Amino acid sequence: MNFMKAIVAAGLVAASTSAFAADITGAGATFPFPIYSKWADAYKKETGNGLNYQSIGSGAGIKQIQAKTVTFGATDAPLKHETLEKDGLVQWPMVMGAIVPVVNLEGIKPGELVLSGEVLGDIYLGKIKKWDDAAIAKLNPKLKLPADAITVVRRSDGSGTTFNFTDYLSKSNAEWKAKAGSGTAVEWPTGVGAKGNEGVAGNVGQTKNAIGYVEYAYAKQNKLTYAAMINKAGKTVQPTTEAFQAAASNADWAKAPGYYVILTDQPGEASWPITAATFILMHKDATDKAASQEAIKFFKWSFEKGGKMAEELDYIPMPESVVKLIEKTWTAEIKS
């Protein structure tokens, strides 16, 4: 984990020693940062080529690729086909993962607290203010819940994690949908803002009685207490690779223009309800074609050799059939 801490502190995936490879720059989503870090480190050891990735949030990543200041952008909030066409961009899913509610509650172990989308929405609306509220107690009859006020933690930056989290809340809580809706940034009814998955994880870890939402790898690496969820089928599910895969198995990538697929609130008894994909954005006709081709080599290598590393961090690799579709997209749409 020392490597992970060092790069989180630096805000980079890997610093390059090769002058040429230093031209491969990326910026955006914090959701896939742990796996992009791991891939970059392994890729550098194998090829000598590094890449510089800034974990700055999906919103900022989209702005940087649109402004052509990076080789690739990374976002968990996919862009619609019309936006991609307008900006001359290609988009594809790189890996899938999941968002989990995390809490800092004394005496409660990971996976013991059960929440529903309805209750989670009411907490983030500021309607449920205390941990021993009747709605939470009803879902957790065996837990001793404190009578303390809930400290709500949410993202302060434009975030694809927020996009997927608020998309889920909008599907499961009608009042949330009407009052706040979904997006990379929303008008939060309550809560303390923190930057990046890193910031939310750190804030929840340090604040008693806090609740937040982070990508699962951050919950694990920071040893945070995650909640179990009641899914669309009404079943209580734990955040496991199997539950993430169950949700992801419904995705029909082949029929989605620009691979625009949202994986929240999927049907199926085993599905984790806040599953999400993370996407790469590149220009069809890049100014620096050499850097663009180098980036594609890295992504190709990650698809071919990065699956096991992804699973070790509880991400879900893209299915082989989808990787084949993506490679065809590269050939057809990215000019070398």
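Residues numbered from 1 in each chain as written. Predicted model: local features only at pLDDT ≥ 70, side-chain atom pairs only at ≥ 80, totals over all residues. Heavy atoms only, no water.

1. Digging into the sheet that holds strand β5 (residues 114-115)
Consideration 1: One open sheet holds the 3 strands; their spatial order is β5-β10-β11, and the pairing between them is mixed. Looking at the sheet topology across the chains shown, the edges are occupied by β5 and β11 (236-237).
Consideration 2: Bridge analysis of β5 against strand β10 (residues 228-230) gives 2 bridges, and the strand direction is parallel. For Leu115, the partnering residue across the bridge sits in β10 and is Met229. (Pairing = 2+ DSSP bridges. Helix = DSSP H or I, 4+ residues; strand = E, 2+ residues; numbered from the N terminus.)

2. Side note on the side chain of Asn104
Consideration 1: Note on placement: Asn104 falls in the loop between β4 (89-103) and β5.
Consideration 2: Of the polar contacts made by the side chain of Asn104, one reaches the backbone oxygen of Val204; its length is 3.0 Å.
Consideration 3: Setting aside anything within four residues of it in sequence, one finds Asn104 in contact with Val204, Gly205, Gln206, Thr207, Lys208, Asn209 and Ala210. (Polar contact = N/O pair within 3.5 Å; in protein donor to acceptor, adjacent residues only side chain to side chain. Contact = heavy atoms within 4.5 Å.)

3. What to know about the nonpolar core
Consideration 1: Trp92, Tyr124 and Trp253 are the most contacted members of the largest nonpolar core, which has 96 residues in total.
Consideration 2: Looking at which element gives the most residues to this core, the answer is β4, with 10 residues.
Consideration 3: Non-local contacts of Tyr124, meaning those with residues more than four positions away in its chain, are made with Val152, Val153, Arg154, Phe165, Leu169, Trp176, Trp188, Pro189, Thr190, Ile211, Gly212 and Tyr213.
Consideration 4: In terms of nonpolar packing, the next biggest core, distinct from the first, is built from 8 residues, Ile62, Ile65, Val70 and Leu281 among them. (Core = buried A, V, L, I, M, F, W, Y, C linked by side-chain atoms within 4.5 Å. Buried < 20%, exposed > 50% of the residue type's maximum accessible area, 1.4 Å probe, protein only.)

4. Quick notes on the confidence of the model for the protein chain
Consideration 1: Chain-level statistics for the protein chain give a pLDDT mean of 93 and a share of 93% at 70 or above.
Consideration 2: Taken together, the stretch residues 1-22 has pLDDT below 50 and engages in 43 contacts with residues farther than four places along the chain or on a different chain. (pLDDT = per-residue confidence, 0-100.)

5. Considering the packing of aromatic side chains
Consideration 1: Taken as a whole and assessed by the stated rule, the structure comprises 22 aromatic pairs.
Consideration 2: Summarising the aromatic geometry, the rings of Phe33 and Tyr53 are spaced 6.5 Å apart at their centres and angled 25 degrees between planes, so their arrangement reads as stacked. Of this pair, Phe33 sits in helix α2 (residues 33-47) while Tyr53 sits in strand β2 (residues 52-55), and the two are 20 residues apart along the sequence.
Consideration 3: Residue classification places Phe33 among the buried positions, given a relative accessible area of 0%.
Consideration 4: A residue is classified by how much of its surface remains accessible, and Tyr53, at 0% relative accessible area, is buried.
Consideration 5: Look at Tyr36 and Tyr53: their rings are 5.6 Å apart centre to centre, the planes differ by 85 degrees, and that puts the pair in the edge-to-face class. A residue pair is termed long-range when its members are at least 10 positions apart, and Tyr36 in helix α2 and Tyr53 in strand β2 qualify at 17 residues.
Consideration 6: Each member of the aromatic cluster is reached from another via a ring pair, and the members are Phe33, Tyr36, Trp39, Tyr43, Tyr53, Phe72, Trp92, Phe298, Phe299, Trp301, Phe303 and Trp330. (Phe/Tyr/Trp six-rings, centres within 6.5 Å; stacked < 30°, edge-to-face > 60°.)

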